[in-house]
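# Geometric and topological summary
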Amino acid sequence: MTKTKFSFLAIVMLAGLVAFSVTSCKKSSSSPTPTATLYDSLGGTVMVNDPANNGTMIEKGRLTIRSVVDSTIFVIAADTALNGFFKVLLSEVTNGNFSGFQALSKNLTDFVCVGTGAKNFTYGGKSMVAAHDPAQNSRMNGKADNGDFTEFEVDLTLGAKKNGVPSTAPVFQSLARIVESLRSQVVQM
Ligand code: HEM
């Protein structure tokens, strides 16, 4: 090969390489691969039948979260170490009034959905500090201490286990880390 032919070939190859890099860079910056969220690991946006509302569909991630939330509320209701905090709620339920339970279930479910990365829900309840300050939330009977918070985590573990999410599952451990990160907002004494 002559020197001129070689240089020409080298230029053509270099131009090809530059063109390829520009195209591939463009591709990766215009359509980044979406990262799976914790919400996706819990079932994500796949629509399934809602067993609690006949004929209604629900996102599988939300259904998993709502099931764990409701089970945890039931575990707490039977836990004498914590149920005193929920005096208002428990007296309503004892009298056949489930409106407070439904509101708490919805707000907690929305909160966890948003916290785990769901896109189709918003949380409209109180801030974590306000929700757990008896002066700002008359439904919170007293201030929680560190021991109460740890007991709440124990009850959450049981609530998750009841729904086939063992504490050893990576998805549970990620959830537990989010819960633990809220300790200082909930514990106010
Ligand atoms: C990270 C842990 C926790 C989270 C994410 C959480 C979240 C929430 C949310 C979203 C609400 C509803 C707020 C609203 O409706 O505006 C709520 C209410 C409440 N929380 Fe918590 N909470 C946690 C820990 C605790 C602990 C440790 C206790 C008690 C020791 C507790 C006791 C209550 C009570 C009594 C209410 C009011 C229930 C009712 O509506 O009757 N929470 N919490």
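Residues numbered from 1 in each chain as written. Predicted model: local features only at pLDDT ≥ 70, side-chain atom pairs only at ≥ 80, totals over all residues.

## Quick notes on the site of the ligand
For the ligand, the set of nearby residues contains 23 residues, the closest of which are Leu 89, Gly 125, Lys 126, Arg 139 and Phe 152. Elements with a contribution of two residues or more to the shell around the ligand: helix 4 (87-94), helix 5 (99-116) and helix 7 (146-161). For the shell around the ligand, the element with the most residues is helix 5, which contributes five residues. Split into classes, the residues belonging to the shell around the ligand amount to 16 nonpolar, four polar and three charged. (Near = placed C-beta within 6 Å. Helix = DSSP H or I, 4+ residues; strand = E, 2+ residues; numbered from the N terminus. Nonpolar A, V, L, I, M, F, W, Y, C, P; charged D, E, K, R; others polar.)

## Focus: helix 3 (residues 60-77)
For helix 3, built from 18 residues, the straight-helix expectation of 26 Å at 1.5 Å per residue is met to within 8% by its first-to-last C-alpha distance of 26 Å. The complete set of buried residues in helix 3 reads Gly 61, Arg 62, Leu 63, Thr 64, Ile 65, Arg 66, Val 68, Val 69, Thr 72, Val 75 and Ile 76. Check the buried side of helix 3 and you find it contacts helix 2 (38-41), strand 1 (47-49), strand 2 (57-59), helix 5 and helix 7. (Expected span 1.5 Å × (residues − 1). Buried ≥ 20, exposed ≤ 12 C-beta atoms within 10 Å, placed from the backbone. Contact = placed C-beta atoms within 7 Å.)

## Details of the environment of Cys 113
Examined against the element boundaries, Cys 113 turns out to sit in helix 5. In this structure Cys 113 comes out as buried when scored by C-beta crowding, with 24 C-beta atoms within 10 Å. When sequence neighbours within four positions are dropped, the list of residues in contact with Cys 113 reads Tyr 39, Gly 61, Arg 62, Ile 65, Ala 118 and Phe 121.

That is the geometry; function is a separate question.
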